[in-house]
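Listed here are the chains, written in short residue letters.
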Amino acid sequence: MAWDEWEQIKAGVAEPGPAAMQLNQLTSAGGGGGTANLSSCVSRKKAAANAIGNDLEPGVRTHGKDAEESTASAVKEFGPRDGEGWDTAAALKKAHAAWEKQVKALVGRLTFEKNGLADAGLTLRGVDIDFATRVELKSNISGC
């Protein structure tokens, strides 16, 4: 980036034009993109964690292994018989290794998400208790 370009960018930030965004008012009632009630439904998080643990993870593991038998037989068919085999055998082995790695990564990600959903209720409850304790402590101190 040239020096004069940098100076132009700095000048544009310092003196916003008509296209610059300005936040000079509150959103109207019910606006702002969120909901009025910012609560978290622990039972829905628990249900999602159970769905991941009971349906998705076992399914990914099972279907991840589906390719093993057919790939092994294809590698055997394309492999060396009279001294040399087809390049396809080596390529299939490499592709299958990548497949196994991807399945393992997906199962790991699902486990991470499942644990995060299961722990969310405890985490949110801990934050609420911590906040309530701090507010109560401040109100007791100021009341003395």
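Residues numbered from 1 in each chain as written. Predicted model: local features only at pLDDT ≥ 70, side-chain atom pairs only at ≥ 80, totals over all residues. Heavy atoms only, no water.

## What to know about the overall build of the chain
- Each helix and strand in the chain was counted, giving three helices and zero strands.
- Going residue by residue from the N terminus, the α and β elements of the chain occur as α-α-α.
- Within the span of the chain, comprising 144 residues, buried residues form 11% of the whole.
- Total accessible area on the chain is roughly 12,300 Å²; 58% of this is exposed by carbon and sulfur atoms. (Helix = DSSP H or I, 4+ residues; strand = E, 2+ residues; numbered from the N terminus. Buried < 20%, exposed > 50% of the residue type's maximum accessible area, 1.4 Å probe, protein only. Areas by Shrake-Rupley, 256 points an atom, 1.4 Å probe, with all protein chains shown as cover.)

## Notes on the nonpolar core
- Counting residues in each nonpolar core, the largest one holds five residues, listed as Ile52, Val60, Val103, Val107 and Leu110.
- At the level of secondary structure, the elements contributing two or more residues to this core comprise helix H2 (42–78) and helix H3 (87–142).
- Top element by residues in this core is H3. It accounts for three residues.
- Excluding residues that lie within four positions of it along the chain, Leu110 makes contacts with Ile52, Leu56, Glu57 and Val60. (Core = buried A, V, L, I, M, F, W, Y, C linked by side-chain atoms within 4.5 Å. Contact = heavy atoms within 4.5 Å.)

## Overview of H2
- End to end, H2 covers 53 Å across 37 residues, agreeing with the expected 54 Å (1.5 Å per residue, within 8%).
- At Ile52, H2 shows its largest kink, close to 35°.
- Buried within H2 we find Ala49, Ile52, Glu57, Val60, Gly64, Thr71, Ala74 and Val75. (Expected span 1.5 Å × (residues − 1). Bend = angle between axes of the 7 residues up to and from the residue.)

## Here we look at the pattern of salt bridges
- In this structure the tally under the stated criterion is two salt bridges.
- Glu57 serves as the salt-bridge partner of Lys114, at 3.0 Å between the closest nitrogen and oxygen. Taken together, the residues span a long stretch of sequence, with Lys114 in helix H3 and Glu57 in helix H2 at a distance of 57 residues. (Salt bridge = Lys/Arg side-chain N within 4 Å of Asp/Glu carboxyl O.)

## Side note on the side chain of Glu57
- Residue Glu57 is classed as buried on the basis of its relative accessible area of 4%.
- The residues touching Glu57, leaving out its near neighbours within four places in the chain, are Ile52, Val107, Leu110, Thr111 and Lys114.

## Here's the deal with the side chain of His96
- Considering the arrangement of structural elements, one finds His96 in helix H3.
- Overall, the relative accessible area of 14% leaves His96 in the buried class.
- In this structure, His96 is in contact with Ala67, Glu68 and Thr71, ignoring residues within four places of it in sequence.

## Side note on the confidence of the model for the chain
- Residues with a pLDDT of 70 or more make up 70% of the chain, whose mean pLDDT is 76.
- Taken element by element, the predicted model of the chain shows its lowest mean pLDDT in helix H1 (residues 3–14) (70) and its highest in H2 (88).
- When the criterion is pLDDT under 50, residues 32–38 qualifies, and its contacts beyond four places in sequence or with other chains add up to one contact. (pLDDT = per-residue confidence, 0-100.)

## Considerations on the environment of Ala97
- Of note, Ala97 is situated in helix H3.
- We classify Ala97 as partly exposed; its relative accessible area is 42%.
- For the pair Ala97 and Glu68, spaced 29 residues apart in the sequence, the C-alpha separation amounts to 9.9 Å.

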